[in-house]
2 protein chains.
Amino acid sequence: MGINSNRVEHFSDPSCPEATVTMPPPLELHRVCLPPHKTTLQKFRDRVSEIFFPDDPLHRFKNQTWIRKLVLGLQFFFPVFQWGPSYGLNLLRSDIISGLTIASLAIPQGISYAKLANLPPIIGLYSSFVPPLIYSVLGSSRHLGVGPVSIASLVMGTMLSETVSYSEQPILYLQLAFTATFFAGVFQASLGLLRLGFIIDFLSKATLVGFMAGAAIIVSLQQLKGLLGIVHFTSKMQIVPVLLSVFRQKNEWSWQTIVMGTSFLVFLLTARKISMRKPKLFWISAAAPLTSVILSTILVYLLRSKLHGVSTIGHLPKGLNPPSSNMLYFCGPFLGVAIKTGLITGILSLTEGIAVGRTFAALKNYQVDGNKEMMAIGLMNMAGSCSSCYVTTGSFSRSAVNYNAGAQTVVSNVIMAATVLVTLLFLMPLFSYTPSFILAAIIITAVIGLIDYQAAIRLWKVDKLDFVACLCSFLGVLFISVPLGLAIAVGVSVFKILLHVTRPNTVVLGNIPGTQIYQNLSRYREASRVPSFLILAVESPIYFANSTYLQERILRWVREEEERVDSNKESAMKCIILDMTAVTAIDTSGIDTICELRKMLEKRSLQFVLANPVGTVMEKLHQSNVLQSFGLNGLYLTVGEAVADISSPWKANP
Amino acid sequence: MGINSNRVEHFSDPSCPEATVTMPPPLELHRVCLPPHKTTLQKFRDRVSEIFFPDDPLHRFKNQTWIRKLVLGLQFFFPVFQWGPSYGLNLLRSDIISGLTIASLAIPQGISYAKLANLPPIIGLYSSFVPPLIYSVLGSSRHLGVGPVSIASLVMGTMLSETVSYSEQPILYLQLAFTATFFAGVFQASLGLLRLGFIIDFLSKATLVGFMAGAAIIVSLQQLKGLLGIVHFTSKMQIVPVLLSVFRQKNEWSWQTIVMGTSFLVFLLTARKISMRKPKLFWISAAAPLTSVILSTILVYLLRSKLHGVSTIGHLPKGLNPPSSNMLYFCGPFLGVAIKTGLITGILSLTEGIAVGRTFAALKNYQVDGNKEMMAIGLMNMAGSCSSCYVTTGSFSRSAVNYNAGAQTVVSNVIMAATVLVTLLFLMPLFSYTPSFILAAIIITAVIGLIDYQAAIRLWKVDKLDFVACLCSFLGVLFISVPLGLAIAVGVSVFKILLHVTRPNTVVLGNIPGTQIYQNLSRYREASRVPSFLILAVESPIYFANSTYLQERILRWVREEEERVDSNKESAMKCIILDMTAVTAIDTSGIDTICELRKMLEKRSLQFVLANPVGTVMEKLHQSNVLQSFGLNGLYLTVGEAVADISSPWKANP
């Protein structure tokens, strides 16, 4: 297709009648180009660089001196060298305030979440000491509040309890918990190192909404054990056994526990509600847990002779984290359980930590490198497993309090760790009378916020398939199990992608008069059909998964058009144009389909042309020698040019 | 966006100078429409009808009388009523010739393939009698030659032999084979009934090329047992055990078997080569197997006193298929094996049968309804399992011979069945001296044709990922196992789809001067950037799987454009246009990404607009209230209109 001759367009202008000149309309056609030639190796290199380095992380290093590159490299791996030199007293002031605020949340949450994972409560405090320190050196998010989280604690407790009982074999259970944490850290750091971070993108937000809601309900129902004072409780995690366990053990309900527990729960929920209504009073919901712990401890201490059947935390050892690398369990029958638990808790905690980091980075308009964060969180967990900590990450509640309290850098985590240190060294005896029901109340208040029904409603309104994924995730967690519920939800999400590819949209295009614009006929009233032409657009790549369908569908469009033309006595169809703008890729099955369509339509004396193929599609058509069969006038740059070029001989010789 | 005022375009025409009039360029903008409103139920119904009834099978029934609808319905379910009334003597003549031709192929192939499945050879003959008769009533393909096939026989033999030994428990083995055939039939008929036929589209041609080649190599190597006369042979199906078994049992090699087997093998391969070079001599390769069977039987009979160690088929019982519904095994420890085997052989035989049917239908320009064929093949197998037949389908070699011999309708299958009937009733004693090596030679000749290295080379040239899928399938079958090799290949194909979605192409567009065409800058030399604009196109739906990547990538494009503009001292970038023509779908994660991009770019004082969103995307943007944040001038019908509208105030007030 070359340039035949220039075309000059004149539209009639009522205000300037002498400008209307009727000229013969010659055509200006543009040639459809192949993309610039690249060798297979170049293409492979480009593809790998797009997959693994989409943000071009080395762009800062260009055109720099050696020393600068060294400094940039050091800052890249240890972000502390980036903000460290510019740290000042005003930043320190903000960080101290926020650090103390999140510490008041960290202490009760740490104790509660460790109990959620069936671990000794002191482990929760250890996990709020070492991991934040590691993160402050390696992490890039300025507002992330690091420590144990409810979902990962729940999942760890569930999965380990299926095989090992924490009451009968506490040492083995602890070993497996640390080993699972180690493997979680290894997995997270590998994902970051190999730049495979996009894997966690498959846990879409819709999936997580359902998953978190289901897990929150399970956790809350399980806390009824602590709130009602039940001793014998199921260790299962599905909703039916838990509800049965609650209502069958009515004889074990302790009214004192119920009364006190419920009142503190109401207090905590009210504090949370106040903070949600008036964001400036965030410190109320931040201070409420620690206040409740202190008040309830005092209450139980004063009434200790009268209260029977109120279980307390018990004695907590003083002192720093003991090293635990000797407790890591690398050979034996339970290694598989530890690895599996580590994998699932690793993925979940990573997803939460990255999502929280990105949320607050977007609010304050800075970027967080996902892969770097994964390495930081992974190394944090690996180091934690060797110092008596279990799986930690950036928790949403803690980070929100951190952000609202005005944190400026990660030093707020350091301040929090220091406060926890002081607690560990000196304040441990104060917790011996802390009742279990307060921990249950704190957990319930914390997870209630994970039930985001507004997000679910929005999903229903906007995208029904996303809502189905959310629902599958929710029901799967409630009725089957946590890992399977997640797997089902990911499966539904992948199925959505495959369904869109397997049954793509095909539309008939019409011309908007007076323009070269071709749009969907059923959508734009002003678009009208072009006589003797059938213009189709396929809205998806043409793959093995949909090539048979597309062939049948296009033939059906042809048949329906023939019937319509017959019944309306219009001019017979002569040419079918396939608009390939949205056909973003093609494979060998797709190429075969296009060839077969051309042959079939040729047997019916119908011309079949392609318009606007994208670069890769054009290349594959060329390499498979299909272009030759289409010939010079089978490929056009736009639908408009195709219509003009093909219909011009008809107008010349009607 | 309404219509501001009409624009009149004048291009300078050197041949008509007085026609050049300079007018102020007002703009004609078109409004971006929402698609026509449909309720959720309507949308669901449309979607279901597209997924399950893409070819609108009931279109023939429209506007017909009751009696006509009844006749059409009868013809739909029993195609024999369609071609039956117009059957004539000339058609019968062609069908008799082709029927006899394929019978001469069916008899040796049936016996050989049954041995491949470790079944008594007579089962192969039974399977060439009843199934073709059933197919001739229900099937729609006019050229399909029905009977046992090599791949399904191989897979059945492999999978059943893993659990049950055919030499030690022959009755149980036979029971499981019939049960597997029954389940294969049930599965195939259900796929057809539920119109889930698109599932077999996931076995792409690339996958099957590798799979068939690997299976053919395994089958050929296994036939070395028969050709070399080895008695003790491995029952494993991977290439390494088979090769070891061949070369370790050198002491069992029988030179007589080797000499005779190799000569007949050479004869058969030569006949095949001749038929390939000169297609008119197809009858040579059709008659060669039966000729070899007759010649070798005569040879072994004449030399029977001198030939020791040449194993023969042995005694074959006379008579028709005995009923075998009592042999179906529905409860017991091996039911799982039977179901699994039935599933896999069902899928494989279905894929082959449908592919063969479609190939020949395309050659003769008629349509084969995939789902109807699946039901026919399924019912054929179900009936076969109750009459001592095992898994059958349309085989490629038999159908090719059928087509070349001039078959006109399925009556050729009836003629073939009649010939097999005569053989079963009268000619069985003739086969008692038929040696095993001839069956091995026949099998090797038959499967050699499945190794399509030219297709593999073409895959490498056109689509490297398709070649990788082919290679994975090939190596998986050779080294791991047949079902796993297939599963790996399907996994690679699905991975290809996910990779394209997870890392889509993004390109920068430029204007081809003098037109409203915007094309990829790196591909079209004549396209040039528009000053102050950055025009990006995303070539994929915006899903959860790629929204984070797209956000980073677009921000990287913005950063690189800013650097380029700075270094080239061009006019600063003010507006980013995202061409959404190829964004064929969006979900909630994608919508969130677009919102976040808009906010981030707004903070940098950059305008962000969308151009040409497809119907579903527009609808979701509307339902999620994102359109309101974009406002009236954030959405345009084409890139050209966006550029013209946004840059007009700049020209007015530079």
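The name that an unreviewed UniProt entry assigns to chain A is Sulfate transporter 3.4 like, with the source organism given as Actinidia chinensis var. chinensis. Its UniProt record gives chain A the following Subcellular location (unreviewed entry) comment, quoted word for word: "Membrane".

## Here we look at the relation of the copies chain A and chain B
Once chain A is rotated about the relating axis by 180 degrees and shifted along it by 0.0 Å, it coincides with chain B to within an RMSD of 0.1 Å. The transformation just described matches what one would write down for a two-fold rotation axis. Considering only C-alpha atoms, the residue of chain A closest to the rotation axis is A:A582, which sits at 2.1 Å. Of the residues that chain A buries at the interface, 100% are likewise interface residues in chain B, meaning the two copies contact each other through the same surface.

## Here we look at the pairing of strand β5 (residues 533-538) of chain A
Consecutive residues of a regular strand have side chains that alternate between opposite faces of the sheet. Residue and element names in this part refer to chain A. The buried fraction of β5 is high, at six of six residues. Side-chain alternation along β5 places F533, I535 and A537 on one buried face and L534, L536 and V538 on a second face that is also buried. Bridging between strand β3 (residues 506-511) and β5 involves three bridges; their strand directions are antiparallel. In the sheet register, T506 faces β5, and the bridge partner there is V538. Where β5 lies against strand β6 (residues 575-579), five bridges are found, and the strand directions are parallel. From the neighbouring strand, L536 faces β6, where its bridge partner is L578.

## Describing the sheet that holds strand β4 (residues 518-520) of chain B
Residue and element names in this part refer to chain B. Taken together, the six strands give an open sheet; going across it, the order is β4-β3-β5-β6-β7-β8, and neighbouring strands pair in mixed fashion. Of all strands in the sheet, those with a lone pairing partner are β4 and β8 (635-636), marking the two edges. Here strand β6 (residues 575-579) pairs with strand β7 (residues 607-611) via five bridges, running parallel. Across the sheet, residue D579 finds its bridge partner in β7, namely A611.

## Comments concerning the environment of B:V538
Residues and elements named next belong to chain B. In this structure, V538 sits in strand β5 (residues 533-539). With relative accessibility at 1%, the residue V538 sits in the buried group. The spatial distance from the C-alpha of V538 to the C-alpha of V508 is 9.2 Å, given a sequence separation of 30 residues. Beyond its immediate stretch of four places on either side in the chain, V538 contacts N505, T506, L550, L578, D579, A582 and V583.

## A look at the sheet that holds strand β7 (residues 607-611) of chain A
Residues and elements named next belong to chain A. The strand order across the open sheet built from six strands is β4-β3-β5-β6-β7-β8, with neighbouring strands paired in mixed fashion. A strand with exactly one partner marks an edge of an open sheet, and here the two such strands are β4 (518-520) and β8 (635-636). In terms of strand pairing, β7 meets β8 through two bridges, oriented parallel. When the bridges of β8 are listed, L610 appears paired with L635. Strands in contact with helix α22 (residues 588-603) are β6 and β7; relative to β7, the strand with the most contacts, it is inclined by about 145 degrees.

## As for the packing of aromatic side chains
All chains considered together, the criterion is met by 30 aromatic pairs over all chains. Where B:F182 meets B:F330, the ring centres are 5.6 Å apart and the plane angle is 70 degrees; that geometry is what we call edge-to-face. One end of the pair, B:F182, is in helix α8 (residues 170-193); the other, B:F330, is in the loop between α12 (282-302) and α13 (335-364), and 148 residues separate them in sequence. An aromatic cluster is built from A:F182, A:F183 and A:F330, whose rings are joined through pairwise contacts. In this structure, A:R553 is placed above the aromatic ring of A:W557, and the distance from its NZ or CZ to the ring centre is 4.6 Å. The ring centre of B:W460 lies 4.8 Å from the NZ or CZ of B:K464, which sits over that ring.

## Side note on a nonpolar patch on the surface
Residue and element names in this part refer to chain A. Among the surface-exposed residues, V240, L244, L471, L475, F479, I480, L484 and I488 lie close enough to one another that they form a single nonpolar patch of about 640 Å² accessible area. Relative to the assigned elements, L475 resides in helix α19 (residues 464-479). A relative accessible area of 38% means that L475 is categorised as partly exposed.

## Quick look at unusual backbone geometry
Glycine aside, the phi torsion of most residues is negative, and most peptide linkages are trans. All names here are of chain B. Of note, the phi angle at S388 is positive, near 60 degrees, even though the residue is not glycine. With respect to the element layout, S388 can be found in the loop between α14 (370-385) and β2 (393-394). Notably, N625 is not glycine yet its phi reads approximately 60 degrees, a positive angle. Under the relative-accessibility criterion, N625 is labelled partly exposed at 43%.

## Overview of the interface of chain A and chain B
Chain A puts 97 residues into the contact, and the matching count from chain B is 97 residues. On the chain A side of the contact with chain B, A:R503, A:R523 and A:F544 bury the most area, a combined 9% of that side's loss. On inspection of chain A and its partner chain B, the count reaches six salt bridges. Here A:R458 and B:D592 are joined by a salt bridge, their closest N and O atoms 3.3 Å apart. For the side of chain A that touches chain B, the secondary structure elements donating two or more residues are α1 (40-52), α13 (335-363), α18 (453-462), α19, α20 (482-502), α21 (547-568), α22 and α23 (615-623) of chain A.

## Focus: the environment of B:V617
Residues and elements named next belong to chain B. On the secondary structure map, V617 appears in helix α23 (residues 615-623). Taking the relative accessible area as the measure of exposure, V617 reaches 1% and is therefore buried. Ignoring any residue separated from it by four or fewer positions in sequence, one finds V617 in contact with M580, V583, T584, A585 and I586.

## Some thoughts on the side chain of A:K620
As for its position among the elements, A:K620 is in helix α23. Discounting residues that sit within four places of it in the chain, A:K620 has contacts with A:I586, A:I591, B:V462 and B:D463.

## Topic: the domain arrangement of chain A
Domain annotation for chain A reports domain 1 (90-309 + 328-496) and domain 2 (504-652). Here domain 1 of chain A and domain 2 of chain A have C-alpha centroids that lie 55 Å from each other.

Thresholds applied
Residues numbered from 1 in each chain as written. Chains lettered and ligands numbered in written order. Predicted model: local features only at pLDDT ≥ 70, side-chain atom pairs only at ≥ 80, totals over all residues. Heavy atoms only, no water. UniProt positions renumbered as here; feature names shortened; annotations may be inferred. Least-squares fit on C-alpha atoms with pLDDT ≥ 70 in both. Contact = heavy atoms within 4.5 Å. Buried < 20%, exposed > 50% of the residue type's maximum accessible area, 1.4 Å probe, protein only. Helix = DSSP H or I, 4+ residues; strand = E, 2+ residues; numbered from the N terminus. Pairing = 2+ DSSP bridges. Axes fitted to C-alpha atoms, helices over the stretch in contact; angles between N-to-C directions. Phe/Tyr/Trp six-rings, centres within 6.5 Å; stacked < 30°, edge-to-face > 60°. Lys NZ or Arg CZ within 6 Å of the ring centre and 35° of its normal. Patch = residues over 30% accessible without salt bridge, like charges linked within 9 Å, V, L, I, M, F, W, Y side chains within 5 Å. Areas by Shrake-Rupley, 256 points an atom, 1.4 Å probe, with all protein chains shown as cover. Salt bridge = Lys/Arg side-chain N within 4 Å of Asp/Glu carboxyl O. Buried area = accessible area lost by both parts, 1.4 Å probe. Domains from an automatic or database assignment.

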